[in-house]
Structures are given as structure tokens and as C-alpha cells.
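Fold and contact review
Read off the chains here:
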Amino acid sequence: MINTIKVQRAIKNITQEELAKAISVSRQTINAMEGGKYVPSTVLALKLAKYFEVTIEEIFKLEEGD
Amino acid sequence: MKKQPLLPHGFKKIGWVTFIAVFILHLVGIFYDGNLPFFDTTFSMKLPAIVSKKWSGPTQFFTLVEVGPTLTIIIAISLISLMFIAFSRQKEEDEFVSSLRLNSWLWAAWINSALLLLADLFIYNEPFMSVVEINLFALLIIYIIRFHYLLYKYSKS
């Protein structure tokens, strides 16, 4: 699965730290998700979508092989 | 998300301070060959025991034993401080941190089991006693190292 968190963050022009605070997770979590090392739970995915004001599909996309 | 059974974040600091203090005390103890100048090693007291056996004596259950409590207390403090470090909540305890915890426990269980197996196969007689001593703390220590390494790794971008 690929995600566009880094892009969304750039559009909003906020740091990992600020995003982490906004959705109340650790900075490590944002870092791991952006690096593709962690697939968030549905709750966290929904929180991200709500914060960025986009649909979940705009942030998370299935890759071939998923 | 369901809350994990963890201690409040503040316990972590208490754990570290106590553990480092006991560790330094231990090093000083090694330097003085086990006879700390400020410890009365002849001091002993009666403590309740579930089971006790002297080298040449009967096995006693639910009894009072006359022992020097220093070692017992040092091990208890070390274990409690390690538990405080391992079991206290991170400042930002979220689902990813939980997954790091799980990963770290798995690592600790694997390494601890492997070390025990190696010790069983290749260590005999008296040194095997040190295996037991080290194993008292090994699981917690391996977990703490792995968990903090992972937190550090993911804090760098």
C-alpha cells in the first residue's frame, strides 16, 4: 500500500511534529507511515482523512500485490 | 482503542533513576569485592519464606528463615525499577508504539530463549548459577533495549 501523507503534509505546509499533535499520535507514527513501515488502523486513517479534508482513497492506495 | 495495561508515564523516570543508582551501587560492590563498606554483611533477620532449604537440611515450606536481606532487597529494587521502565506508558502512547512494544517483546522472548538454550548446552557447574542470576533480568533488559532502539530509529527521518 502506498500513501500520500507526505504530499498532503506539504500541501498543508506542516511538519511531522505538528501533524502528530493535530491527530494526537507520536511523531514516530507519522514518520513510520510516511516511510511505508506502518499501516495505520482504520481509526487513524479516518482521522488523517478528516484532518486533511480529503477522502481516505486520496491518502491510501493499494499497490499491485496487495 | 482499548487501553493497554501500563503504568503512568511518570514511573519511567523513577525507574531509570532507581535502576542507575542500584547499578552504580553494584559496580561499587564489585570494586570492594562484595563487601560494601557501608553495608553490614553480618546483618540478618527473619523473613517469611514459601520454601527454603539449607545445603544439608530438610526442605521447609511456609516458614521463617534467618537470612541477610541485602541481596533480596537489591534484586527486588532492580526488578521493580526495570518493570517501571518497561511497563510505563510513553508520553505519546498510540497504536504504532503498541506495535513496537509487541515487536520488542517478541524479540526479547526469542533472544532470551536462545540464550537460555545456549547456556543449558554449554555452561556447567558453578557458572550455571550466574546464568540464573542474569536470567532474572535478561527478558526485561532485552525488551527495554529493543523498544528504545525502535523508538529512536523511527524518531529520525
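Residues numbered from 1 in each chain as written. Chains lettered and ligands numbered in written order. Predicted model: local features only at pLDDT ≥ 70, side-chain atom pairs only at ≥ 80, totals over all residues.

Remarks on the overall build of chain A
Per the secondary structure count, chain A includes five helices and two strands. Scanning chain A from its N terminus toward the C terminus, one meets helices and strands in the order β-α-α-α-α-α-β. Projected onto the principal axes, the alpha-carbon positions of chain A cover approximately 35 × 20 × 20 Å. Here chain A holds 66 residues, and the buried ones make up 20% of them. (Helix = DSSP H or I, 4+ residues; strand = E, 2+ residues; numbered from the N terminus. Buried ≥ 20, exposed ≤ 12 C-beta atoms within 10 Å, placed from the backbone.)

Some remarks on the overall build of chain B
Along the backbone of chain B there are four helices and two strands. Secondary structure elements in chain B, listed N-terminal to C-terminal, are α-β-β-α-α-α. The C-alpha radius of gyration computed for chain B amounts to 19 Å, which surpasses the reference 15 Å derived for 157 residues by more than 25%, pointing to a less compact arrangement than a globule. Taken along the three principal axes of its C-alpha coordinates, chain B extends 60 × 40 × 35 Å. The buried share of chain B, reckoned over its 157 residues, is 11%. (Rg over C-alpha atoms; globule rule 2.2 N^0.38 Å.)

A word on the packing of helix 1 (residues 10-31) of chain B against helix 2 (residues 70-87) of chain B
All names here are of chain B. Where helix 1 meets helix 2, the closest approach of the two axes is 7 Å, and the angle between their N-to-C directions is 145°. The handedness of the crossing between helix 1 and helix 2 comes out as left-handed. Seen from helix 1, the contacting residues are F11, K12, I14, G15, W16, T18, F19 and V22; seen from helix 2, they are I74, I77, S78, S81, L82, F84 and I85. A per-class count over the contact of helix 1 with helix 2 returns ten nonpolar, four polar and one charged. (Axes fitted to C-alpha atoms, helices over the stretch in contact; angles between N-to-C directions. Left-handed = near helix turned anticlockwise from the far one by under 90°. Contact = placed C-beta atoms within 7 Å. Nonpolar A, V, L, I, M, F, W, Y, C, P; charged D, E, K, R; others polar.)

So, helix 3 (residues 95-122) of chain B
With 28 residues, helix 3 of chain B extends 41 Å between its outermost C-alpha atoms, agreeing within 8% with the 40 Å of an ideal straight helix rising 1.5 Å per residue. Listing the buried residues of helix 3 of chain B in full gives F96(B), V97(B), L100(B), R101(B), S104(B) and A108(B). In this fold, the buried residues of helix 3 of chain B make contact with helix 3 (27-34) of chain A together with helix 4 (127-155) of chain B. (Expected span 1.5 Å × (residues − 1).)

Here's the deal with the domain arrangement of chain B
Interface size, as often reported, equals the accessible area lost upon joining of the parts. All names here are of chain B. Split by domain assignment, chain B resolves into domain 1 (7-89) and domain 2 (92-157). Taken together, the seven residues of domain 1 in the interface contact seven residues of domain 2. Tallied by class, the residues present in the side of domain 1 that touches domain 2 amount to five nonpolar, one polar and one charged. (Domains from an automatic or database assignment.)

Description of unusual backbone geometry
All names here are of chain B. Although it is not a glycine, F62 sits at a positive phi angle of roughly 45°. In this structure, F62 sits in strand 2 (residues 60-67). The phi torsion at N125 lies on the positive side, around 60°, for a residue other than glycine. Tracing the sequence through the fold places N125 in the loop between helix 3 and helix 4.

A closer look at the nonpolar core
Looking at soluble globular proteins, one finds that nonpolar side chains tend to be buried together. Of all hydrophobic cores here, the largest spans 18 residues; its most connected members are I85(B), F96(B) and L100(B). Looking at this core, the elements that each hand over two or more residues are helix 3 of chain A together with helix 2, helix 3 and helix 4 of chain B. Looking at this core, you find at least three residues from each of domain 1 (7-89) and domain 2 (92-157) of chain B. (Core = buried A, V, L, I, M, F, W, Y, C linked by C-beta atoms within 7 Å.)

Topic: the pairing of strand 1 (residues 45-52) of chain B
Residues and elements named next belong to chain B. For strand 1, the buried fraction is low: zero of the eight residues fall into the buried class. Here strand 1 pairs with strand 2 via seven bridges, running antiparallel. Following the sheet pairing, P48 is matched in strand 2 by L64. (Pairing = 2+ DSSP bridges.)

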